[in-house]
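Tertiary structure, described
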Amino acid sequence: MLAPTRSVSAFSGIGGRRAPTTPNPCPQPTGACCLPSGFCITVTAANCLAQNGTYNGDNSLCADATCPIILTPYVDALPIPDTAVPTTGSAGGAAHYDIDIVETTHRFHSELAGDAWVWAYDGKYPGDTIEAFKGQTVTVNWFNNLRNEDNTLKTQHRLNIDTCLHGPDITGLVPVVVTHLHGAKVASESDGDPDTAFPPGTGAPLYTYPNNQDACTLWYHDHGLGITRLNVYMGLAGFYLIRDDAEDALNIPRGENEIALAIQDRAFNPDGSFKYPAVHQENFFGDFILVNGKVWPYHTVKRGKYRFRLLNGCNSRTLTLALSDNATFWQIGTDMGLLPAPDANNTHTNTPGERADIVVDFASYAPGTEIILQNSAPAPFPGSAGVGVVPNVMKFIVGAATGDTDPLPATLVDVPAIPEAEAAVTRDFLLRKTPVTIGACDNVTQSIWTINGLMWDDIVERPVLGTTEIWTWINRSGMSHPMHMHLVAFQILDRQPFQMQAGEIVPTGPRVPPIMNERGWKDTVRVDPFEIVRVIARFEDYAGLFPYHCHILEHEDHEMMRQFEAICPPLTIESTPNDVQACKGSQAQFAVDATGAYLSYQWTKDGQPLVDGPTGTGSTITGAKAATLSIANVALMDVGHYECTIKDPCDETRQYGADLLYCPADLDDGTQTGACDGAVTIDDLLYFIDRFQVGDTIADLDDGSGTGQGDSAVTIDDLLFYFERFAAGC
Ligand code: C2O
Ligand code: CU
Ligand code: CU
């Protein structure tokens, strides 16, 4: 739905006022005049022309006019997002960030009449890029600090919330937010569960991103239930890059030659503010394309290679990108990591939510050459050629300087295929429009997209952690749906066309493996009309509820989003630890044998958690967080009760303990090794005396306090202590 065309009264602009010396006796007819800004004024034809307007005819009315906003492409420079600055730690490593979601203003094109109100992470549109490194934990406090101009907390959205949709049917008009890191393997509590969206003046609990995954281009964005499309549209999106040693070792463009490009479509009102439909519509297509927050920007490049991390951050629009001279580029990565090898191509289709890591080489162009990044994807997609296309994305201007001219590596990283036979379960998901009426809102009946005809709260898929599943997307509709799963990285097995025959799904061709540039780790997959797409995924690490959905945000909000629950296999204990008889210098071991997936272990001694390393008594601990705990070089102080807590990701816990027993007088096993044999005999006495005479530390039993702890000096105290214990039989 279009917002009403703004009418402003005719103003005495250029040519609007005639010189008093030349009065015109006959008043000229006037009509509606569309200015390039999108405003409509009522003026004469000549006046309209003088203002570069489009005259709609004598006596035409602004109320009837639809005035497009006309913006000149490529007048604003491409903004490069800043690297986020952590509160503690360092960018690119372990760090903590405090990020506020705030309202601010942003100018999307220098010819727009004014700024737009936007919502932005720390006031940046798009948000600052969070730099992370594999295995180094990042934590974030996300805080909803949306305030009105008078500094009071917001109680209403900037855009119109449709309370017919699930989410706002409960939270109402309150502008709740919740941040999801798209593509991250994280615990459910840190995943941005749409049901946990929080109102202004509050924050989420601390989110932990372990970054235990390969180098990839992730993005963070809002996920509020039923208002994701509005919150992302307002600006809540940013990049999150994970790097690792394998990627660092590759000679691919970096530094200023590596640029992340967030591509989004938007519509504007003549005053420069955002335009978005007041009630839910099943698709939204803007008529302007932003790259990193500017409409159709330009960027001057060096003559060399660039790595562009492309994100389709549009609500509904699919992008089919190509360079205006049809030059070849190389795709090096997909959603969740690098490809096995660069894939040469001259076009790339990217659906909402997907990322493509591509390398473009500008080395062969003469300085001054201009190359347009173009889009040819119809909207809706695949639609019909030419329909709804916004062809321009951005412009590259080749400068004189030479850039990165190194050749690309022939191979990148290993992407081992998940064997199909590994899958324990296959699930089918039918994508279609379903005639459902939600509550009293009959007006939205036509717009409900569903997955298997079920809703958000219908939780029926329960993958077991540690197992592999094949998910089959079956698109029984005329448009493509980019299907996204949280928690997992998947691989595309194949695509297959089908037809409906007498209500049955009948394949009409073979299963075709994905094209080269889809043969990497993915989290979002395009499922074309009347196509079956099979993906395979391992369910790992974290239990709980995770969303999966179509990434067309208008579909996701109503109702093409559901949840699976990752569950744990049973936790069973095969054997428990036994008491251990130890003596000075011996090695003690406690072991549990448990089966389950992603079990964690923590050993304690007399209730105190143990850590690996020297204990301070002369002994050393290994396996404090493993199934087997080892204590090397036991000393008397190590005597105690050792207990292991075994936990699975579903918080099932078991505890088993045993005692370390110690006999200070039992020094010799008869083989002169000094190990205990569990019996105090004359051998032990002779062995002690022998060691005492040479001052061996094995004879250092007493620290003078009668505790038997070594004090690193073999003295008469030790002799007395030994006799005492020998006499006592232990
Ligand atoms: Cu990009 Cu569920 O999200
Ligand atoms: Cu996601
Ligand atoms: Cu969809």
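Going by the structure above, here's the rest.
Residues numbered from 1 in each chain as written. Chains lettered and ligands numbered in written order. Predicted model: local features only at pLDDT ≥ 70, side-chain atom pairs only at ≥ 80, totals over all residues. Heavy atoms only, no water.

A separate point is the nonpolar core. In terms of nonpolar packing, the biggest core is built from 82 residues, with Phe108, Trp142, Tyr209, Tyr240, Phe268, Phe308 and Phe362 touching the most fellow members. For Phe268, the contacting residues outside a window of four places in its chain are Ile69, Phe108, Leu112, Ser273, Phe274, Lys275, Phe288, Leu290 and Val295. One finds Ala594, Leu610, Ala624 and Leu685 within the second-largest nonpolar core, a separate group that totals 34 residues. (Core = buried A, V, L, I, M, F, W, Y, C linked by side-chain atoms within 4.5 Å. Buried < 20%, exposed > 50% of the residue type's maximum accessible area, 1.4 Å probe, protein only. Contact = heavy atoms within 4.5 Å.)

Glancing now at the coordination of the copper ion (ligand 2). Here the copper ion (ligand 2) is held by the protein donor atoms His180 (NE2) and His484 (NE2), which lie 1.9 Å from it. Taken as a pair, His180 in strand β9 (residues 179-182) and His484 in strand β28 (residues 481-485) lie far apart in primary sequence, 304 residues in all. No difference in accessibility class separates His180 from His484, as the two residues are buried. (Donors = N, O, S within 2.8 Å, 3.2 Å for Na, K, Ca; no water. Helix = DSSP H or I, 4+ residues; strand = E, 2+ residues; numbered from the N terminus.)

Let us now look at the coordination of the copper ion (ligand 3). Coordination angles at a metal have ideal targets, namely 109.5 degrees for four tetrahedral donors and 90 or 180 degrees for six octahedral donors. Summarising the metal site, the copper ion (ligand 3) is bound by the protein donors His481 (ND1), Cys550 (SG) and His555 (ND1), whose distances to it range over 2.0 to 2.2 Å. One chain supplies every donor to the copper ion (ligand 3), and in sequence these donors are spaced H-x68-C-x4-H. Placement of the pair is His481 in strand β28 and His555 in helix α5 (residues 553-556), with a sequence separation of 74 residues. Under the relative-accessibility criterion, His555 is labelled buried at 0%.

Here the focus is unusual backbone geometry. The linkage connecting Ala379 with the following residue, Pro380, adopts the cis geometry, with an omega of -5 degrees. Counting through the fold element by element, Pro380 comes out in the loop between β23 (370-375) and β24 (392-402). Geometrically, the link from Phe381 to Pro382 is a cis peptide bond, its omega value of 0 degrees lying close to zero. With respect to the helices and strands, Pro382 occurs in the loop between β23 and β24. At Trp296, a position not held by glycine, the phi torsion is positive, near 45 degrees.

An ideal rise of 1.5 Å per residue puts 18 Å on 13 residues; helix α7 (residues 716-728) measures up with 18 Å between its terminal C-alpha atoms. By the burial criterion, the buried members of α7 are Asp718, Leu719, Phe721 and Tyr722. Projection of α7 onto a plane perpendicular to its axis shows the buried side chains occupying an angular sector of 165 degrees, all on one side. In α7, those exposed residues whose orientation departs by more than 90 degrees from the buried face are Ile716, Leu720, Glu724, Ala727 and Ala728. Looking at the buried residues of α7, the elements they touch are α6 (682-694). Positive phi shows up at Gly729, right after α7, with a value of about 85 degrees. (Expected span 1.5 Å × (residues − 1). Arc of directions from axis to C-beta.)

Most of strand β18 (residues 319-323) sits inside the fold, with 5 of its 5 residues counted as buried. Here β18 shows no split at all, with Leu319, Leu321 and Leu323 on one side and Thr320 and Ala322 on the other all buried. Across 3 bridges, β18 lies against strand β21 (residues 348-350) in antiparallel orientation. Each residue of the ladder has a partner; that of Leu319, found in β21, is Asn350. Pairing geometry for β18 and β23, over 3 bridges, is antiparallel. (Pairing = 2+ DSSP bridges.)

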